[in-house]
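# Architecture at a glance
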Amino acid sequence: MKVTVSRKGHFNAAHRLYRKDWSDEKNELVFDKCSNPNFHGHNYELIVSVTGEIDQETGYVIDIKTLKDIMKEEVEDAFDHKNLNIEVPEFKELNPTAENISVIIYNKIRPRIKSSLDLEITLFETPRNFVTYSGK
Ligand code: NI
């Protein structure tokens, strides 16, 4: 019997989608407004889900306080009120699309969750647009 425990998180961040090796024209053609050289911001909403067997001793899959602390340290402290392109080392050479941000978040959290538990990241860039990554 497997149960999924989820917690929501939040951060505000600025970004610009572009490739250094493309011309301004090509960046604008592909990324449109998201390639604005002066950056733009999003209110990112995050759902981190952990799936596994219930521990018979505690009744927990994971202590949600542990998950809360991990999300704060790995995501909120690292990304909140930051310019992702300029201030977050993971995006120095990586386009900060929602897809890539979700993979980076997964890779930061994965080592801190027991390997017997499955991890899934859902990242909302807008209320209607979201991506999901579960390490596959
Ligand atoms: Ni954007």
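The notes below deal with the structure included here.

Criteria and cut-off values
Residues numbered from 1 in each chain as written. Predicted model: local features only at pLDDT ≥ 70, side-chain atom pairs only at ≥ 80, totals over all residues. Heavy atoms only, no water. Helix = DSSP H or I, 4+ residues; strand = E, 2+ residues; numbered from the N terminus. Buried < 20%, exposed > 50% of the residue type's maximum accessible area, 1.4 Å probe, protein only. Contact = heavy atoms within 4.5 Å. Areas by Shrake-Rupley, 256 points an atom, 1.4 Å probe, with all protein chains shown as cover. Lys, Arg positive; Asp, Glu negative; His and termini not counted. Charge placed at Lys NZ, Arg CZ, Asp CG, Glu CD. Phe/Tyr/Trp six-rings, centres within 6.5 Å; stacked < 30°, edge-to-face > 60°. Lys NZ or Arg CZ within 6 Å of the ring centre and 35° of its normal. Salt bridge = Lys/Arg side-chain N within 4 Å of Asp/Glu carboxyl O.

Another aspect to go through is the overall build of the protein chain. Counting its regular elements, the protein chain contains 4 helices and 5 strands. Reading the helices (α) and strands (β) of the protein chain from amino to carboxyl end gives β-α-β-α-β-α-α-β-β. In terms of its C-alpha atoms, the protein chain occupies a principal-axis envelope of roughly 60 × 25 × 25 Å. Among the 136 residues that make up the protein chain, the fraction classed as buried is 40%. Sequence-distant contacts, at least 24 apart, represent 67% of the contacts inside the protein chain between residues at least 6 apart. For the protein chain, the exposed area adds up to about 8,300 Å²; of that, 50% sits on carbon and sulfur atoms. Positive and negative charge centroids in the protein chain, built from 19 and 23 side chains respectively, lie 1 Å apart.

Let us now look at the packing of aromatic side chains. For the coordinates displayed, the defined rule picks out 6 aromatic pairs. Relative to Tyr-44, the ring of Phe-11 lies with its centre 4.8 Å away and its plane at 20°, an arrangement referred to as stacked. One end of the pair, Phe-11, is in strand 1 (residues 2-15); the other, Tyr-44, is in strand 2 (residues 40-53), with 33 residues separating them in the sequence. In terms of burial, Phe-11 and Tyr-44 fall into one category: buried. Taking the centre distance of 4.5 Å and the plane angle of 25° together, the rings of Phe-124 and Phe-130 count as stacked. Cation over ring: Arg-16 sits above Tyr-18, and NZ or CZ is 4.0 Å from the ring centre. Note that Lys-26 overlies the ring of Trp-22, its terminal NZ or CZ placed 4.4 Å from the centroid.

This structure, assessed with the given rule, holds 8 salt bridges. The partner of Arg-112 in a salt bridge is Glu-73, and the shortest N-O contact between them spans 2.8 Å. With Arg-112 in the loop between helix 4 (98-109) and strand 4 (118-124) and Glu-73 in helix 2 (residues 64-79), the pair connects residues that are 39 residues apart, well separated along the chain. Taking relative accessible area as the criterion, Glu-73 reaches 41% and is therefore assigned partly exposed. Linking Glu-74 and Arg-112 is a salt bridge whose minimum nitrogen-to-oxygen distance equals 2.9 Å. Taken as a pair, Glu-74 in helix 2 and Arg-112 in the loop between helix 4 and strand 4 lie far apart in primary sequence, 38 residues in all. Taking the relative accessible area as the measure of exposure, Glu-74 reaches 17% and is therefore buried. Within this structure, Glu-73, Glu-74, Glu-90, Lys-108 and Arg-112 form a network of salt bridges that share partners.

Relative to the helices and strands, Lys-108 is located in helix 4. By relative accessible area, Lys-108 is classed as buried at 18%. Each residue touching Lys-108, except ones within four places of it in the same chain, is listed here: Glu-74, Ala-78, Phe-79 and Glu-90.

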